[in-house]
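Chains, contacts and geometry: an overview
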Amino acid sequence: MKIAIDVSPLESGHKVRGVGFYLSYLKKALVSYFPEHEYIFFTNAHEIDKSVDVVHYPYFDPFFLTVPFIKKHKTVVTVHDLTPLVFPSHFPAGVKGNFKWQIQRFNLHNVDRIIADSIASQNDITKIVGITKEKVDVAYLAADEEFKPLKNQDQRLKSVQKKYNLPKEFILYVGDVTWNKNVPLLVKAMRDIDMPLIMVGKSLVSTDFDRKNVWNNDLVEVQKIASQNNHIHMLGFVPTEDLVVLYNLATLFVFPSVYEGFGLPIVEAMQSGCPTIISKEGCMPEVGGEAVQYFHGYDLGSLKAAITNVLNSKSLQKELSEKGIAQAKKFNWKKTAEQTLTAYKKAINA
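The following paragraphs examine the structure supplied in this document. Keep in mind that this is a model prediction, so the values were computed, not measured.

Conventions we followed
Residues numbered from 1 in each chain as written. Predicted model: local features only at pLDDT ≥ 70, side-chain atom pairs only at ≥ 80, totals over all residues. Heavy atoms only, no water. Pairing = 2+ DSSP bridges. Helix = DSSP H or I, 4+ residues; strand = E, 2+ residues; numbered from the N terminus. Axes fitted to C-alpha atoms, helices over the stretch in contact; angles between N-to-C directions. Patch = residues over 30% accessible without salt bridge, like charges linked within 9 Å, V, L, I, M, F, W, Y side chains within 5 Å. Areas by Shrake-Rupley, 256 points an atom, 1.4 Å probe, with all protein chains shown as cover. Salt bridge = Lys/Arg side-chain N within 4 Å of Asp/Glu carboxyl O. Buried < 20%, exposed > 50% of the residue type's maximum accessible area, 1.4 Å probe, protein only. Contact = heavy atoms within 4.5 Å. Right-handed = clockwise from strand over helix to strand, strands pointing away. Parallel < 35°, antiparallel > 145°, perpendicular 65-115°, else oblique. Left-handed = near helix turned anticlockwise from the far one by under 90°. Nonpolar A, V, L, I, M, F, W, Y, C, P; charged D, E, K, R; others polar. Phe/Tyr/Trp six-rings, centres within 6.5 Å; stacked < 30°, edge-to-face > 60°. Lys NZ or Arg CZ within 6 Å of the ring centre and 35° of its normal. Core = buried A, V, L, I, M, F, W, Y, C linked by side-chain atoms within 4.5 Å.

**Details of the sheet that holds strand E5 (residues 113-116)**
Judged by pairing direction, the sheet is parallel, and its six strands sit side by side in the order E2-E1-E3-E4-E5-E6 without closing on themselves. Looking at strand neighbours, the two that pair on one side only are strand E2 (38-42) and strand E6 (136-138), the edges of this open sheet. Neighbouring strand axes in the sheet, compared pairwise and without regard to direction, differ in orientation by 25 degrees on average. In the sheet, E5 pairs with E6 via three bridges, with the strands oriented parallel. Considered in E6, the bridge of Ile115 is made with Asp137.

In structure tokens form, the structure reads like this:
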């Protein structure tokens, strides 16, 4: 196959995590594991010649025109999630946003295949876009291989602990702060838990944002609660090599999100051997399997009970660590690349 893949997100500020992470690793996996195919990586659709068999747009935004209106080739689009459309009251689109969504929705009907990050996301895409499930392929993501238990690396652990002035024991959160991330529930739970919370994510320490925008309500609330609790420490963005160490140092990892396309930090934590607590909502059970401690996503008491339960049991921490490492092995980039190639072949034969 001659495959053209849009790599423009790598040049537009998305390089490190999110779409950029997905694209970088997918690109590497396709070329490494399936070199028999010809790959063309483009940033401008005009660069695609007629001999290309399939074009892949590895990102989608419902409120921006990311899918071409006129399709000249067999086309595949990755829709990681439709969070703002699943919870419209928490992510109001406005008149312009809704207009663009109608165009994007029309464009999705015209593509040959759609790739989703999870079955939960697949279900929402078919329901909201109004297409058959048969047109949407699921390709799970995977974590960077750097995430692993660090054995006999005491100096590295101590160095990062000193760099961020970390306590001996702490709970870790990694991620953004939008409504679906459910972060206010976590910081509220910490009022009654005698353990420091270390929070990683660029937006956590952001000051240059519109505080009146409904999309930022949770960020405003979380920053306010954190400022009143000296047990909560926000590190902001952390490079991958340090994040690997944080997962190894943490007593447990809590990811309270109620909706994700996939939930990559869950795999990062499990792969690092960090006992993990997640909600029962959305795609989270697909990722966590039987290797995590669950709580009811909207219930503060349930979250506090789950955290306390794990904190109070060394044997449970050990069990979750071992099960997490095994569960994380189910996700790898070779498998993601294989599933993506399957979608390409289906598109060509559509």
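**Brief notes about a nonpolar patch on the surface**
Among the surface-exposed residues, Phe69, Ile70 and Phe106 lie close enough to one another that they form a single nonpolar patch of about 360 Å² accessible area. Position of Phe106 relative to the elements: it lies in helix H3 (residues 94-110). You can call Phe106 partly exposed: its relative accessible area is 42%.

**Digging into unusual backbone geometry**
At Asn152, a residue that is not glycine, the phi angle is positive and equals roughly 60 degrees. Following the sequence through the fold, Asn152 ends up in the loop between E6 and helix H5 (154-163).

**Some remarks on the side chain of Gln317**
Among the secondary structure elements, Gln317 is positioned in helix H12 (residues 314-328). Its relative accessible area of 10% is what places Gln317 among the buried residues. If near-sequence neighbours (up to four positions away) are discounted, Gln317 is found in contact with Thr251, Pro275, Val310 and Leu311.

**Details of the pairing of strand E9 (residues 232-236)**
Bridge analysis of strand E8 (residues 197-200) against E9 gives four bridges, and the strand direction is parallel. Across the sheet, Leu197 pairs through a bridge with Ile232, a residue of E9. Between the parallel pair E8 and E9, the chain is carried across by helix H7 (residues 217-227), and the sense of this crossover is right-handed.

**Some points on the packing of H3 against helix H4 (residues 119-130)**
Contact geometry of H3 with H4 gives a least axis separation of 10 Å together with a crossing angle of 110 degrees. One finds that H3 runs roughly perpendicular with respect to H4. For the element pair H3 and H4, the recorded crossing hand is left-handed. On H4, the residues touching Trp101, Arg105, Leu108 and His109 of H3 are Ile128, Val129 and Gly130. For the contact of H3 with H4, the residue count by class is four nonpolar, two polar and one charged.

**Side note on the sheet that holds E9**
The parallel open sheet is built from six strands, whose spatial order is E9-E8-E7-E10-E11-E12. Of all the strands in the sheet, just E9 and strand E12 (293-295) have a single pairing partner and so form its edges. Here the average twist between neighbouring strands, direction ignored, is 25 degrees. The pairing of strand E7 (residues 171-174) with E8 spans four bridges and is classified as parallel.

**So, the packing of aromatic side chains**
In this description, a pair of aromatic rings is defined by centroid distance and the angle of the planes. What the rule picks out here adds up to 18 aromatic pairs. Consider the rings of Phe147 and Tyr247, whose centres lie 5.6 Å apart with planes at 75 degrees: the pair is edge-to-face. Linking Phe147 in the loop between E6 and H5 with Tyr247 in helix H8 (residues 240-249), this pair joins segments that are 100 residues apart in sequence. Its relative accessible area of 3% is what places Phe147 among the buried residues. With centroids separated by 5.5 Å and ring planes inclined at 75 degrees, the aromatic side chains of Tyr247 and Phe253 adopt a geometry described as edge-to-face. Joined through ring pairs, the aromatic side chains of Phe147, Tyr173, Tyr247, Phe253 and Phe255 make up one cluster. The ring of Phe41 is capped by Lys27, whose NZ or CZ atom sits 4.7 Å from the centre of that ring.

**With respect to the pattern of salt bridges**
This model, assessed by the stated rule, comprises eleven salt bridges. The salt bridge involving Glu322 is made with Lys318; its shortest N-O contact spans 2.6 Å. Highlighted residues: Glu322 and Lys318, both in helix H12, separated by four residues, approximately one helical turn. Assessed through its relative accessible area of 45%, Glu322 is described here as partly exposed. The network of salt bridges with common partners includes Arg113, Asp137 and Lys346.

**Observations regarding the nonpolar core**
Counting 93 residues, the largest nonpolar core has Ile171, Leu172 and Leu246 as the members making the most contacts within it. Those residues in contact with Leu246, other than ones at most four positions away along the chain, are Val160, Leu166, Phe170, Leu172, Val200, Leu235 and Val238. Ranked by size, the runner-up nonpolar core spans 23 residues in total, among them Val77, Ala116, Ile125 and Val129.

**Observations concerning the environment of Ser121**
Examined against the element boundaries, Ser121 turns out to sit in helix H4. The exposure class assigned to Ser121 is buried, which follows from its relative accessible area of 1%. Through-space distance from the C-alpha of Ser121 to that of Tyr259 is 9.2 Å; in sequence the pair is 138 residues apart. Not counting residues up to four positions away in its chain, the partners in contact with Ser121 are Val79, His80, Asp81, Ala116, Tyr259 and Gly261.

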